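# Chains, contacts and geometry: an overview
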Amino acid sequence: MSLETSSAPEFSGQQRRCHLLLMLYAPVPSVQLETIGQINGVDLLITRQDIAEVASEIQHFHHLEISGDPDEGYQIQGSELDLRLCLLQWLRRALRCSPEFVEQHFGPQFQRAIQLQHQQLPALELCINQCEQRLNRRFEQRDRQFLQHYLCYCVWASQHQRHPQFDRRQHEWLQSKPEHLATVGLHQALNQLFGQPGDSRERDFLVLMFTLLKSHSYQSSDSPEDQRLMAAIGQVVERFQQISGMHFSSQEGLISQLFAHLAPAVERCRFAIGIDNTLLEEVVRKYPRLMRTTQEALAPFEQEYEIQFSREEAGLVAISFGAWLMQGNALHEKQILLLTLDNPQLEEEVEYQIRELTLLPLNIKYQPLHDYLLAGAPQGITLVISPYATPNQEQPPTLIITELPLERQQRKAIRALLESH
């Protein structure tokens, strides 16, 4: 009698995708489909699905492509800057979810490729320690692991004349960063350790790398750069209040939260790094006024920093504003009932007009007019909106019959109900 073996994959989907991405960075011309499947312990169908998912993600966030086919093998393609920024994110992810693969597969490949001898490892660690002191930061053990492996890739790329390219504004921005002076010594030490000529583009990239690795804390930010950013965020908050006519009860708490988001967001925008915002479409559809007000409040900030926020970045700021408005004013999401009959386009337009009246979140439910006339509104409904002629009910909630466009007095009355405690 034999025990049945499980057909479940040994690695999780996230682990397999990390392995796949790191294999595509290996210092070889291409990676075969069978090799990927064997290392990940899954069949070729799942391997193809993994390739498709990774390709979609890195194209969205880093403008990279996976080219090739099962016969010729696969390669990752794009600019060297985008390649390095992508690897920075995925290598850190791999060290969290699959550190054994990094230590046993990815790391040794590049150590061999740059002919890093075992006796040279202490010198590389010393470089990292000295940079830690110059940056006045404390590197966690995982940070050290990341830097050891990632710097080996950067050295290999540099040896093959694959330098990241920066435009004038990006170069000037990196030259002004507080990390610039701290990385000069690291750049020189790496060149001496591996016997290669220095390149200013590599020094610029080290500045960018340490900038992206920085943990941003509102409480411990005392550098001129961070003080400038906090002042600019304070102006965004003040402008939002002026435009919206609403006020936050705790500006410091909101500024602290926005600082943690906007500090890395500035770098993402300047170096074209994407960000995920699965709630974006919901924010745009359900909170059009909140989104528009946020973008208007951010405009002077964008002008000062010479960047353009993506809709995803602005949407995350809008979510923060909406949450703090609700919390600060002790408000609950209003439950609105929209009566329906035979004109879906009209009903959708009425919903949009209602959502345009307030910055606050609304939960708008649809109910057929016939059902409402028979049974009334469900429990918890604050307001009933009908675009059709409807007999008024004697019991609450309030019923408002609308015609588009909404009249000024009607807009004012509805907004007062929506924003009341």
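See the structure above.
First things first, this report covers the structure right here in the doc.

Basis of the calculations
- Residues numbered from 1 in each chain as written.
- Predicted model: local features only at pLDDT ≥ 70, side-chain atom pairs only at ≥ 80, totals over all residues.
- Heavy atoms only, no water.
- 1 Å grid on protein atoms, 1.4 Å probe; cavity = no way out; pocket = protein on both sides within 12 Å on 5 of 7 lines; lining within 4 Å.
- Points joined across faces, edges and corners; volume = space filled by probe spheres on them.
- Helix = DSSP H or I, 4+ residues; strand = E, 2+ residues; numbered from the N terminus.
- Nonpolar A, V, L, I, M, F, W, Y, C, P; charged D, E, K, R; others polar.
- Pairing = 2+ DSSP bridges.
- Core = buried A, V, L, I, M, F, W, Y, C linked by side-chain atoms within 4.5 Å.
- Buried < 20%, exposed > 50% of the residue type's maximum accessible area, 1.4 Å probe, protein only.
- Contact = heavy atoms within 4.5 Å.

Before going further, it helps to examine the layout of surface pockets. The volume enclosed by the second largest pocket comes to roughly 540 Å³. Taken together, 20 residues form the lining of the second largest pocket, with Gln89, Arg92, Leu212, Arg268 and Ile273 sitting closest to its centre. Counting residues per element, the ones that place at least two in the lining of the second largest pocket are helix H3 (44-62), helix H4 (80-97), helix H10 (200-213) and helix H12 (251-270). Considering each element in turn, the lining of the second largest pocket owes the most residues, 6 residues, to H4. Among the residues making up the lining of the second largest pocket, the classes are represented as 8 nonpolar, 5 polar and 7 charged.

Bridge count between strand S1 (residues 65-69) and strand S2 (residues 73-77): 5 bridges; the pairing is antiparallel. Residue pairing in the sheet places Ile66 in a bridge with Ile76 of S2. Counting the residues in the hairpin turn of S1 and S2 gives 3 residues.

This brings us to the nonpolar core. With 105 residues, the main nonpolar core has Tyr25, Met209, Phe301 and Phe321 as its most contacted residues. Dropping the residues within four chain positions of it, Phe321 is found in contact with Val236, Val237, Phe240, Phe248, Leu254, Leu258, Leu290 and Thr294.

Okay, empty space enclosed by the protein next. In total, this model carries 2 cavities of 30 Å³ or more according to the counting rule given. Quantified by volume, the largest cavity comes out at close to 130 Å³. Around the largest cavity, the lining comprises 13 residues; the ones closest to its centre are Lys177, Glu225, Leu229, Ala263 and Glu267. Mapped onto the lining of the largest cavity, the elements with two or more residues apiece are helix H11 (224-244) and H12.

Purely geometric stuff here, so don't read any function into it on its own.
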